[in-house]
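So the chains spell out like this:
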Amino acid sequence: MERKTPLYDKHIQHQGNMVPFAGYLLPEQYEQGVIEEHIAVRTKAGLFDVSHMGEVTCQGKDALKNLNQIMTNDFTDMVVGQARYTPMCHENGGMVDDLIVYKRGEDDYYIVVNAANKDKDFNWLVAHQFGAVEFKDISEAVAQLAIQGPMAPAIVAKITEAQYIPQKYYHAVFDCLVAGIPCIVSWTGYTGENGYEIFTAAADGPKMWDALLKAGQAEGLIPCGLAARDTLRLEAAMPLYGHEMDDTVDPLEASLSFAVKMTKEDFIGKKAITAKGTPAIKRVGLKVIGRGIVREQQRVLLNGVEVGHTTSGTHCPYLGYPIAMALLDSCCTQIGTKVEVEVRQKKVAAEIVALPFYKKGQQ
């Protein structure tokens, strides 16, 4: 049986079309529809309920050692308030998940994990912990809202003080007050736009939702659902676990080498990734130039020979044409290469293009 987030009643109030996702009932879209929601985030602002995501704290004098051993990135030089993206791997190099780690204080970290993997991730962390450290799953106590779009900074500035707004990308401010409500404000994002994640007590989630919508009324802020979140992240070429990466795909194959520090003494999966050598597959972008819309798990052909498969695909409202991401043989990933995608026994022409498809401020 699916659970409800602290904002469930707000979604019903706004006529959200509720669907099961990652164990929760969440809005797929609202009355205005996915296209209007997508365009609102690109041109004005949109408000998302992401309370289904997981939050885990990591504390203790061996916290840093644990993070550096269990995850692929290096957290040694982080300053308080900084956030860092990282994969977390199995011994075979395949990914358990991708996460964001925040440094809240000395020996004190705050981790955000994917909704569908939060139990798996927490169990993995606990199973591999060592020394003086405690991982604690606090997900049920937290409501998480994301306000995204070019008008998001101006909207949030109306209901909080400047000291509570992060000034740098991939940073957070802890112990904030927004609309008088205690919270954490971070700036990471999953849409390719400016904006913030606001973490607050579950009971305060509905009040925060109302305060943000009221503050953003003049700027055109609207509630947005899962469908727009997916089309936005695809335009911005942000990978999604279970699509561009999974237990069998390592982070180098998923083009996440920036978050894999092979110079670290060790981390889980390092030996397997090293043994593989140069990645045999690579994540690429496809722009559809033929007639048709490409979806996930469709064969990609080069000169009639299969060279990989799509991982995500749709028609993107802002760009105005269909796109996809794919995992292809590394030898066949040069920008400009023309390929075909099998869509229901038909071949649809596409071209390999640079990622991301969309960059902030692009017209």
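Residues numbered from 1 in each chain as written. Predicted model: local features only at pLDDT ≥ 70, side-chain atom pairs only at ≥ 80, totals over all residues. Heavy atoms only, no water.

(A) Main features of the packing of aromatic side chains. Counted according to the given criterion, the structure contains 9 aromatic pairs. The interplanar angle of 80 degrees and the centroid separation of 5.0 Å between the aromatic rings of Y169 and Y170 together place this pair among those described as edge-to-face. Residue classification places Y169 among the partly exposed residues on the basis of a relative accessible area of 45%. The class for Y170 is buried, based on a relative accessible area of 17%. Counting every residue linked through ring pairs, the aromatic cluster contains Y102, Y110, F174 and F199. Positioned above the aromatic ring of Y358 is the side chain of R42, whose terminal nitrogen or guanidinium carbon lies 3.9 Å from the ring centre. (Phe/Tyr/Trp six-rings, centres within 6.5 Å; stacked < 30°, edge-to-face > 60°. Buried < 20%, exposed > 50% of the residue type's maximum accessible area, 1.4 Å probe, protein only. Lys NZ or Arg CZ within 6 Å of the ring centre and 35° of its normal.)

(B) Seen up close, the sheet that holds strand β17 (residues 305-316). Taken together, the 6 strands give a closed barrel; going around it, the order is β15-β18-β17-β16-β19-β20, and neighbouring strands pair in antiparallel fashion. The sheet shows a mean angle of 40 degrees between the axes of neighbouring strands, direction not considered. The strands touched by helix α7 (residues 226-235) are β17 and β18 (321-329); relative to β17, the strand with the most contacts, the crossing angle is about 125 degrees. (Pairing = 2+ DSSP bridges. Helix = DSSP H or I, 4+ residues; strand = E, 2+ residues; numbered from the N terminus. Axes fitted to C-alpha atoms, helices over the stretch in contact; angles between N-to-C directions. Contact = heavy atoms within 4.5 Å.)

(C) Seen up close, the pattern of salt bridges. Within the structure shown, the criterion is met by 19 salt bridges. Residue R233 is joined to D230 by a salt bridge in which the shortest nitrogen-to-oxygen separation is 2.9 Å. With R233 and D230 both in helix α7 and 3 residues apart, this pair spans about one turn of that helix. Judged by its relative accessible area of 1%, R233 is buried. D230 sits in the partly exposed class, given a relative accessible area of 34%. In this structure, the salt-bridge partner of R299 is E306, at a minimum N-O distance of 2.7 Å. Judged by its relative accessible area of 35%, R299 is partly exposed. By relative accessible area, which is 40% here, E306 ends up partly exposed. Salt bridges sharing partners connect three or more residues here, namely R42, E193 and E235. (Salt bridge = Lys/Arg side-chain N within 4 Å of Asp/Glu carboxyl O.)

(D) Representation of the nonpolar core. Formed by 35 residues in total, the largest nonpolar core has its most connected members in F48, Y85, M95, Y102, Y110, F199 and M245. Those elements that place two or more of their residues in this core are α2 (34-43), β6 (83-89), β7 (95-105), β8 (108-113), β10 (142-148), β11 (171-178) and α7. Beyond its immediate chain neighbours, meaning those up to four positions away, F48 contacts V41, Q144, L145, A146, Q148, T191, W209, C224, G225, R229 and L232. If you look at the next biggest cluster of nonpolar residues, it comprises 26 residues, including A45, I155, V178 and W209. (Core = buried A, V, L, I, M, F, W, Y, C linked by side-chain atoms within 4.5 Å.)

(E) Local environment of the side chain of D121. In this structure, D121 sits in helix α4 (residues 118-127). Put simply, D121 is tucked away with no salt bridge, and the nearest opposite charge, on K120, sits 5.5 Å away. Setting aside chain neighbours within four positions, we find D121 in contact with M88, V96, D97, L99, V113 and N114. (Lys, Arg positive; Asp, Glu negative; His and termini not counted.)

(F) Main features of the sheet that holds β10. In space, the 6 strands of this open sheet follow the order β11-β12-β13-β10-β4-β14, with mixed pairing throughout. Each end of this open sheet is capped by a strand with a single partner; those strands are β11 and β14 (222-223). Across 6 bridges, β11 lies against strand β12 (residues 181-187) in antiparallel orientation. Looking at β12, one finds that V173 is bridged to V185. Together, β4 (46-49), β10, β11, β12, β13 (195-201) and β14 form the strand contacts of helix α6 (residues 205-215), whose direction differs from that of β10 by roughly 15 degrees.

(G) A look at the side chain of T72. Inspection of the secondary structure assignment puts T72 in the loop between α3 (63-70) and β6. For T72, a relative accessible area of 0% gives the class buried. If we skip the residues at most four places from it in the chain, T72 touches T86, P87, C89, P251, A259, V260, K261, K264 and F267.

(H) Molecular detail of the environment of I289. Mapped onto the secondary structure, I289 falls in the loop between β15 (281-288) and β16 (299-302). Separated by 62 residues in the primary sequence, I289 and E351 have C-alpha atoms spaced 6.9 Å apart. Beyond its immediate stretch of four places on either side in the chain, I289 contacts K338, A349, A350 and E351.

(I) Representation of α3. By the burial criterion, the buried members of α3 are A63, N66, L67, N68 and I70. On its buried face, α3 sits against β5 (54-59), β6, β7, β8, α4 and β9 (134-137).

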